[in-house]
Amino acid sequence: MIKRLHARASRRLLLGSLAAAALGLTGAPVQAQQNPQLPGMGSYQLPDMGSTSATVTTSDEHRLGRAWLRQFRAHTDPWQDPIAQTYIQSLLARLVPYSGVDDQLVVTLIDSRLLNAFAVPGGIVGVNAGLFASAPDEDEFAAVLAHELGHLAQRHYARRMARIEQTQLPTMAAMLAGMIIAAGGGGGAGLATMVGSTAAFAQDQLAYSRRFEQEADRVGLNAMAKAGFDPQAMPTMFRSLQKLATLQGGNPPEFLLTHPVTESRISDTQARADQLPSPPAHDDTAYAMVRARALVLLNQNTPSQALTELEQDHPPEAAVRYLKALLAARQAHYSEALATLDALAKTHPDLSMIPATAAQIAFEANDRPGALARARRILRLSPGYFPAQWVEAEALLQMQPDQAFDVLRSMSEQYPEDPNVFGLLAEAAGRSGREVWGQLARAEQLQLEGQIDTAIRQLDSASKSAKRSGDYAMASRIEQRRKDFLDYRDAMQNF
């Protein structure tokens, strides 16, 4: 009986999480922090629009978020770009100390032209490549992420639970299905599913959503100002979204399906932005370069369109040269691309992404020793720079699998939520004759990608291999991971 009650409670919790996420009402743990202020900030404080306390614990949120992320990966196309991912993580690191979020964030990138970003309980932040296309500068891009951190900081999911308990589970299940559809890119169908319940219920959800959207705006504005971003970018971004929605008619940007923008919301955001200081103009080169990478991804069939889209927003000249180098590499003009990047690296020595891009292009050109040397040169100056670590691992995998295995084992401990690292580790283990490690790493990759049943079967195979070879320490480790995987499956089955 106790187990049945616990399962029922867990199911309500999980169904509620996706319903909240579907309406942009997501959240994560928060602790009070003393935030430093920029000069000119005075003692301006945002009003507390509601308590962040709730009966849902932070461990509940963490478990929900990780389970949701695995299921999400199983339904979407990832954008694997260590440079873009590292840039977004660094931008979030600037905002987090001033947003009230106290969780280890996990960033997931999606290969989608849809304009969208989201936050899920437990510190999951997702960004579509399409957001870069629609945000011409770093401040507007930061405005969207700051808003999402506002949802996490205010623990909107946890606060939402009391309200959800008053609704019927079939409605929650319908909204859950809508979130999965929307996550996979079927925005229109997903929205129809989410609001396909009773009109009264939909209206109730919308009213609650608007309140939380306003809170997230206010928290985000404050974080932007303190982190050195221009708070004016938030109302500017909202106006752009509203205009885009008008132009697209019945097919508005994906972000607006869960974050509706109204005139009153824009007015409120503008009024509050006017009370906060705007920093001096700052260099947008790093953002423009990452945006160039996104545009190349989104215009794979017509690469020249990427250059057209970038130049129409008057980016720094260095970003245009960077994009031309990317396009040259795509045409196999590797020497030209590397010459451009090496010249850029000399004029912008603080941007590690430039030499890291050169290292990646050298690898693509089959110059493995050159790629390895370039990557290690970066790592001497920035030991934890993920894009350089990735190129080093890729080059070693082709040249010295034993060393690649050691490097990737270390990386798997640094990035335990990255399925791509475990995929590369599995390859390194296989090439260096470590059969059991290869099976274990592949199982880790599979469970992170939401293929939990296949991952468990992979673990069973690894366990048999370990016992055959007499490696009982590894067999014990695998058995513990099997128990963990079964827990993951229990959580994921509710989705």
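Quick caveat, the model's predicted, so the values are computed rather than measured.

**Student:** Sorry, what's going on with the overall build of the chain here?
**Tutor:** Scanning the chain for helices and strands turns up 24 helices and three strands. In the chain, which comprises 495 residues, the share counted as buried stands at 56%. As presented, the chain carries roughly 20900 Å² of accessible surface, and 50% of it is formed by carbon and sulfur atoms.

**Student:** Would you explain helix H13 (residues 285–298) in this entry?
**Tutor:** Given 3.6 residues to a turn, an α-helix orients residues that are three or four positions apart in the same direction. Relative to the 20 Å expected for 14 residues at 1.5 Å per residue, H13 spans 20 Å between its end C-alpha atoms, a close match to the ideal helical length. Buried residues dominate H13, accounting for 14 of its 14 residues.

**Student:** Looking at this structure, I do not really get unusual backbone geometry. What am I missing?
**Tutor:** Negative phi values dominate among residues other than glycine, just as trans dominates among peptide bonds. Of note in the backbone geometry, Ala332 takes a positive phi value of approximately 65 degrees without being a glycine. For Ala332, the position within the fold is in the loop between helix H15 (317–330) and helix H16 (334–347). Residue class for Ala332 comes out partly exposed when judged on its relative accessible area of 45%. Not every positive phi belongs to a glycine, and Asn366 is a case in point at roughly 70 degrees. Relative to the assigned elements, Asn366 resides in the loop between helix H17 (353–364) and helix H18 (368–381). Owing to a relative accessible area of 57%, Asn366 belongs among the exposed residues under this scheme.

**Student:** Help me understand the pairing of strand E2 (residues 117–120), please; the structure alone is not making it clear to me.
**Tutor:** Every other side chain in a regular strand lies on the same face of the sheet, so the side chains alternate between the two faces. Both faces of E2 are covered, namely the face carrying Ala117 and Ala119 and the face carrying Phe118 and Val120. As defined by bridge partners, E2 adjoins strand E3 (residues 124–128) across four bridges and the pair is classed as antiparallel. Paired with Ala119 across the bridge in E3 is Val125. Linking E2 to E3, which pair antiparallel, is a turn of three residues; within it Gly122 sits at a positive phi near 95 degrees.

**Student:** Can you walk me through helix H3 (residues 82–99) in this structure?
**Tutor:** With 18 residues, H3 extends 25 Å between its outermost C-alpha atoms, agreeing within 8% with the 26 Å of an ideal straight helix rising 1.5 Å per residue. At Ala93, H3 shows its maximal kink, close to 25 degrees; a proline, Pro97, follows between one and four residues later. When you tally the buried positions in H3, you get 13 out of 18 residues, the bulk of the element. Where H3 begins, one side-chain oxygen reaches toward the backbone nitrogen of Ile83, 3.0 Å away; that side chain belongs to Asp81. Once H3 finishes, Gly100 follows within two positions and takes phi at roughly 90 degrees, a positive value.

**Student:** I keep staring at the sheet that holds E2 and nothing clicks. Help me out?
**Tutor:** Sheets are built from strands paired through backbone hydrogen bonds, the pairs being either parallel or antiparallel. Taken together, three strands build an open sheet; the order of strands is E1-E3-E2 and the sheet is mixed. Each end of this open sheet is capped by a strand with a single partner; those strands are strand E1 (106–110) and E2. Each neighbouring strand pair of the sheet contributes to a mean axis angle of 20 degrees, computed without reference to strand direction. Pairing geometry for E1 and E3, over five bridges, is parallel. Paired with Val106 across the two strands is Ile124, which belongs to E3. Along the sheet, H3 contacts E1 and E3; its crossing angle with E1, the most-contacted strand, is approximately 135 degrees. Against the sheet, helix H5 (residues 138–153) makes contact with E2 and E3, and its axis sits at roughly 20 degrees relative to E2, the strand it touches most.

**Student:** Is there a simple way to think about the environment of Gln414 in this case?
**Tutor:** Its location among the elements puts Gln414 in helix H20 (residues 401–414). Under the relative-accessibility criterion, Gln414 is labelled partly exposed at 40%. Residues Gln414 and Gly384 lie 30 residues apart in sequence; the distance between their C-alpha atoms is 9.4 Å. At 3.0 Å, the side chain of Gln414 forms a polar contact with the side chain of Gln389.

**Student:** How do you make sense of the packing of H3 against H5 when you look at a structure like this?
**Tutor:** Helix packing for two helices is described by the angle between their axes and how far apart those axes are. Closest axis-to-axis distance for the H3/H5 pair is 10 Å, and the angle between their directions is 55 degrees. Classified by the angle their axes make, H3 and H5 are oblique. Two packed elements cross with a definite hand, and for H3 against H5 that hand is right-handed. On the side of H3, the interface is formed by Tyr87, Ile88, Leu91, Leu92, Arg94, Leu95, Val96 and Ser99, while H5 contributes Glu138, Phe141, Ala142, Leu145, Ala146, Leu149 and Ala153.

**Student:** Please clarify how the nonpolar core should be interpreted in this entry.
**Tutor:** The tendency in soluble globular proteins is for nonpolar side chains to be buried side by side. In terms of nonpolar packing, the biggest core is built from 87 residues, with Ile88, Leu95, Val127, Phe132, Phe141, Leu145 and Leu323 touching the most fellow members. Residue contacts for Leu323: discarding those within four places in its chain leaves Ala292, Val296, Ala306, Leu307 and Leu310.

**Student:** Mind showing me how you'd approach the packing of aromatic side chains here?
**Tutor:** Inspection of the entire model under this criterion finds 12 aromatic pairs. Aromatic pair Phe132 and Tyr287: ring centres 5.7 Å apart, planes at 25 degrees, arrangement stacked. Of this pair, Phe132 sits in helix H4 (residues 129–134) while Tyr287 sits in helix H13; the two residues are 155 residues apart in sequence, bridging distant segments of the chain. You can call Tyr287 buried: its relative accessible area is 1%. Lying across the ring of Phe238, Arg265 places its NZ or CZ 4.4 Å from the centre. It is Arg368 that lies over the ring of Phe363; its NZ or CZ is 5.3 Å from the centre.

**Student:** How should the pattern of salt bridges be read in this particular structure?
**Tutor:** Side chains that carry opposite charge are capable of pairing whenever their charged atoms lie near each other. Scanning all chains against the criterion turns up 17 salt bridges. For the salt bridge of Arg70 with Glu417, the shortest nitrogen-to-oxygen distance reads 3.5 Å. You can see Arg70 sitting in helix H2 (residues 58–75) and its partner Glu417 sitting in the loop between H20 and helix H21 (419–431), a full 347 residues away along the chain. The class of Glu417 is buried, set by a relative accessible area of 19%. Close ionic contact of Arg265 with Asp217 constitutes a salt bridge, the shortest N to O distance being 2.7 Å. Taken as a pair, Arg265 in helix H12 (residues 263–274) and Asp217 in helix H9 (residues 199–227) lie far apart in primary sequence, 48 residues in all.

Parameters and conventions
- Residues numbered from 1 in each chain as written.
- Predicted model: local features only at pLDDT ≥ 70, side-chain atom pairs only at ≥ 80, totals over all residues.
- Heavy atoms only, no water.
- Helix = DSSP H or I, 4+ residues; strand = E, 2+ residues; numbered from the N terminus.
- Buried < 20%, exposed > 50% of the residue type's maximum accessible area, 1.4 Å probe, protein only.
- Areas by Shrake-Rupley, 256 points an atom, 1.4 Å probe, with all protein chains shown as cover.
- Expected span 1.5 Å × (residues − 1).
- Pairing = 2+ DSSP bridges.
- Bend = angle between axes of the 7 residues up to and from the residue.
- Polar contact = N/O pair within 3.5 Å; in protein donor to acceptor, adjacent residues only side chain to side chain.
- Axes fitted to C-alpha atoms, helices over the stretch in contact; angles between N-to-C directions.
- Contact = heavy atoms within 4.5 Å.
- Parallel < 35°, antiparallel > 145°, perpendicular 65-115°, else oblique.
- Left-handed = near helix turned anticlockwise from the far one by under 90°.
- Core = buried A, V, L, I, M, F, W, Y, C linked by side-chain atoms within 4.5 Å.
- Phe/Tyr/Trp six-rings, centres within 6.5 Å; stacked < 30°, edge-to-face > 60°.
- Lys NZ or Arg CZ within 6 Å of the ring centre and 35° of its normal.
- Salt bridge = Lys/Arg side-chain N within 4 Å of Asp/Glu carboxyl O.

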